[in-house]
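Take a look at the letters that make up each chain.
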Amino acid sequence: MNASTSPRRPHVVIVGGGFAGLYTAKNLRRSPVDITLIDKRNFHLFQPLLYQVATGSLSPADIASPLRGVLKGQKNIRVLMDKAIDIDPDKQKVVLKDHAPIPYDWLVVATGVSHHYFGNDHWAALAPGLKTIEDALTMRQRIFAAFEAAEKESNPEKQQAWLTFVIVGAGPTGVELAGAIAEIAHSSLKDNFHRIDTRQAKILLIEGVDRVLPPYKPQLSARAQRDLEDLGVTVLTERMVTDINPEQVTVHNNGQSETIVAKTVLWAAGVRASGLGKIIGDRTGAELDRACRVVVNPDLSVASFDNIFVLGDLANYSHQGDGPLPGVAPVAMQEAAYLAKLIGDRLQHRETAPFRYLDYGSLAVIGQNKAVVDLGFAQFTGLVAWMIWVWAHVYYLIEFDNKLIVMLQWGWNYFTRGRGARLITDTPNPQNTSTVPKELVRP
């Protein structure tokens, strides 16, 4: 049979090259389908270690892998660097910014989430969040430039304002940032300056509820707070941020307002779905939650369209437990494996049971030799938890060279307490994600 009379293979279009999108593509490598993977970036980013770029432990290229390189051995896939701006469920097409519409038989949308400032989007320029490489470089620039500005400041009050760091949100990202900045101030930089004592830096971690790491068991939250305080972090719970300006942060506490004078504010509270969430809701009639995540069916499909699937952080999967599944990498990876199986089953006209997430535990790092791990059947803290955290993060890195570089860098930092990637560079606007930083490209 020649090519002109060969039957067309089903076409799977995947939008998003994060954990959910990339692993869906990889799990379909032996399936009789053609795949188009679309992402506005040309790389997969290992977001769990993004805070280490922001705090100078790692460089961007250490935690990013070019999509074409990762998928170069997979013959049934095409990678497009473009941005999906709309979908047409009736005509089964994805509309792209700089390319003709792409037809699909199955559509997988996994474009993740961005920061959510709860109606105060003007805070974004003053308190950057941490979701992209640009965000991490912006944070890194602000953190290390603050110490440089303090070194030049002769006024003690203004100097202390530069040495005060406020992190809003005490989930895993906020806890990790606070612990890392404390280690920078009290260890990595303590002998690097002449006019300032970096150990006088104030690191304030603000959380709206009564404890850090709210999703974790209370005893692990309590241990995490003790570890943070041992590192020099001041934990302020049951406080809501009501205003941020270039000179100070205003918080509400028990009916009273208090002002914190600080030059550096970092945002780690709240997420909002990418713009495709609302588009999917408008085009398919799918329900959206308050963060504009798409409420999906038990098989990860949306509304009445059984060939459109939403995965990863963009999906609200509420068919297991009391609330939606957390936005973490293991959820996205298991969803990807399930969806690849579902597509294979449909090709064979087999039924597929609803998706079920197997929770292998959660973990957060506070600092060197300080972490908390909940495996369900057992909980760990301290050095053992930290070693589990290290192993898990190296394991989930995509490419071998990333694993090797990160292990070597961590080993060196462990013994020297150094942070070799603490360069202060000009960075793009944190809200502008249209370019790839030069620092991301390895020679």
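- Going by what an unreviewed UniProt entry lists, the protein is known as NADH:ubiquinone reductase (non-electrogenic) and is assigned to Synechocystis salina LEGE 00031.
- Taken directly from UniProt, the Sequence similarities (unreviewed entry) text for the protein runs: "Belongs to the NADH dehydrogenase family."
- Under the Catalytic activity (unreviewed entry) heading, UniProt states for the protein: "a quinone + NADH + H(+) = a quinol + NAD(+)".

## Describing the overall build of the protein
Okay, step 1: Within the protein one finds eleven helices and 25 strands.
Okay, step 2: Against the globule reference of 22 Å for 443 residues, the protein gives a C-alpha radius of gyration of 23 Å, in line with a compact fold.
Okay, step 3: Projecting the C-alpha coordinates of the protein onto the three principal axes gives extents of approximately 80 × 50 × 45 Å.
Okay, step 4: Per-residue burial for the protein yields a buried fraction of 52% across its 443 residues.
Okay, step 5: About 20,500 Å² of surface is accessible on the protein, with carbon and sulfur atoms providing 53% of the total.
Okay, step 6: Considering the protein, the positive charge centre built from 46 side chains and the negative charge centre built from 45 side chains are found 5 Å apart.

## Section: the sheet that holds strand β16 (residues 256-261)
Within a beta sheet, neighbouring strands are joined by backbone hydrogen bonds and run either parallel or antiparallel to one another.
Okay, step 1: Read from one edge to the other, the open sheet built from three strands follows the order β14-β15-β16, with strand pairing classed as antiparallel. Strands at the two margins of the open sheet, each flanked by one partner only, are β14 (240-244) and β16. Averaged over neighbouring strand pairs, the angle between their axes works out to 30° when direction is ignored.
Okay, step 2: When strand β15 (residues 248-253) meets β16, the two strands line up antiparallel, connected through six bridges. Considered in β16, the bridge of V251 is made with E258.

## Remarks on the UniProt feature "domain: FAD/NAD(P)-binding" (unreviewed entry) in the protein
Okay, step 1: The positions UniProt marks with the feature "domain: FAD/NAD(P)-binding" (unreviewed entry) are residues 11-336.
Okay, step 2: Along residues 11-336 the backbone is 29% helical and 28% strand, and the end-to-end C-alpha distance reaches 16 Å.

## A word on the side chain of D299
Okay, step 1: You can see D299 is positioned in the loop between β19 (294-295) and β20 (301-302).
Okay, step 2: Classification of D299 by relative accessible area gives buried; the value is 18%.
Okay, step 3: Looking at D299, its side chain comes within polar contact range of the side chain of R346, at 3.5 Å.
Okay, step 4: Discounting residues that sit within four places of it in the chain, D299 has contacts with F309, Y338, L342 and R346.

## What about the pattern of salt bridges?
Okay, step 1: All told, the structure shown has 15 salt bridges when counted by the stated rule.
Okay, step 2: A salt bridge links D105 to R8, with the nearest nitrogen and oxygen atoms 2.9 Å apart. Linking D105 in the loop between β8 (102-103) and β9 (106-109) with R8 in the segment before β1 (11-15), this pair joins segments that are 97 residues apart in sequence.
Okay, step 3: One salt bridge connects D374 with K217, and the closest N-O pair in it is separated by 2.9 Å. Here the residue D374 occupies a position in strand β24 (residues 370-374), and K217 occupies one in the loop between β12 (202-206) and α7 (218-231), the gap between them amounting to 157 residues.
Okay, step 4: Its relative accessible area of 9% is what places D374 among the buried residues.

## Describing the pairing of β15
Okay, step 1: Inspection of the sheet shows β14 paired to β15 by four bridges, in the antiparallel sense. Paired with M240 across the two strands is H252, which belongs to β15.
Okay, step 2: As consecutive antiparallel partners, β14 and β15 are separated by three residues.
Okay, step 3: The antiparallel hairpin formed by β15 and β16 contains two residues in its connecting segment, where N254 sits at a positive phi of about 50°.

## Here we look at the nonpolar core
Okay, step 1: Ranked by size, the top nonpolar core spans 125 residues in total, and within it F147 and I203 carry the most contacts.
Okay, step 2: Filtering out sequence-adjacent residues up to four positions away, F147 remains in contact with L163, F165, I184, A185, L189, F193, I196, T198 and A201.
Okay, step 3: Grouped together as the second largest cluster of nonpolar side chains are 18 residues, A124, V249, V251 and I260 included.

## Points about a nonpolar patch on the surface
Okay, step 1: Together, F400, L404 and L408 line one region of the surface with nonpolar side chains, adding up to about 350 Å² of accessible area.
Okay, step 2: You can call L408 exposed: its relative accessible area is 58%.

## Here we look at the UniProt feature "transmembrane region" (unreviewed entry) in the protein
Okay, step 1: As recorded in UniProt, the feature "transmembrane region" (unreviewed entry) lies at residues 377-398.
Okay, step 2: Annotated as 68% helix and 14% strand, the span residues 377-398 places its first and last C-alpha atoms 28 Å apart.

The rules behind the values
- In every chain, residue numbers begin from 1 and rise along the written sequence.
- Where local features are concerned, this predicted model is filtered to residues with pLDDT of at least 70; where side-chain atom pairs are given and counted, the filter is 80 or more; whole-chain, interface and lining totals use all residues.
- To obtain the side-chain values, all non-hydrogen atoms of the structure were included, while hydrogens and water were left out.
- UniProt positions are given in the numbering used here, feature names are shortened, and annotations may be inferred rather than shown by experiment.
- We count a stretch as a helix when DSSP gives it H or I for four or more residues in a row; a strand needs E for two or more, and each element gets its number in order from the N terminus.
- Between the two quantities, the radius of gyration covers C-alpha atoms and the globule rule is 2.2 Å times the number of residues to the power 0.38.
- Exposure is judged per residue with a 1.4 Å probe applied to protein chains only, and the accessible area is read against the type maximum: over 50% gives exposed, under 20% gives buried, and values in between give partly exposed.
- Only the protein chains shown count as covering a residue, and every accessible area follows the Shrake-Rupley method with a 1.4 Å probe.
- Just so you know, the count uses Lys and Arg for positive and Asp and Glu for negative, and it drops His and the chain ends.
- A single reference atom marks each charge: NZ on Lys, CZ on Arg, CG on Asp, CD on Glu.
- Being paired, for any two strands, means DSSP has found at least two bridges between them.
- Only the stretch in contact is used when fitting a helix axis, every axis being a line fitted to C-alpha atoms; angles between N-to-C directions are given from 0 to 180 degrees.
- Polar contacts, as counted here, are pairs of nitrogen or oxygen atoms within 3.5 Å of one another; within protein the pair requires one atom able to donate a hydrogen and one able to accept it, and residues that are adjacent in sequence qualify only if both atoms are side-chain atoms.
- Only heavy atoms matter for contacts: two residues are in contact if any of them lie within 4.5 Å across the pair.
- Salt bridges, as used here, are contacts in which a Lys or Arg side-chain nitrogen is within 4 Å of a carboxyl oxygen on Asp or Glu.
- Only buried residues count toward a nonpolar core. Its members are Ala, Val, Leu, Ile, Met, Phe, Trp, Tyr and Cys residues joined through side-chain atoms within 4.5 Å.
- Surface patches are defined over residues having more than 30% relative accessible area and no salt bridge, joining like charges when they lie within 9 Å and nonpolar side chains (Val, Leu, Ile, Met, Phe, Trp, Tyr) when within 5 Å.

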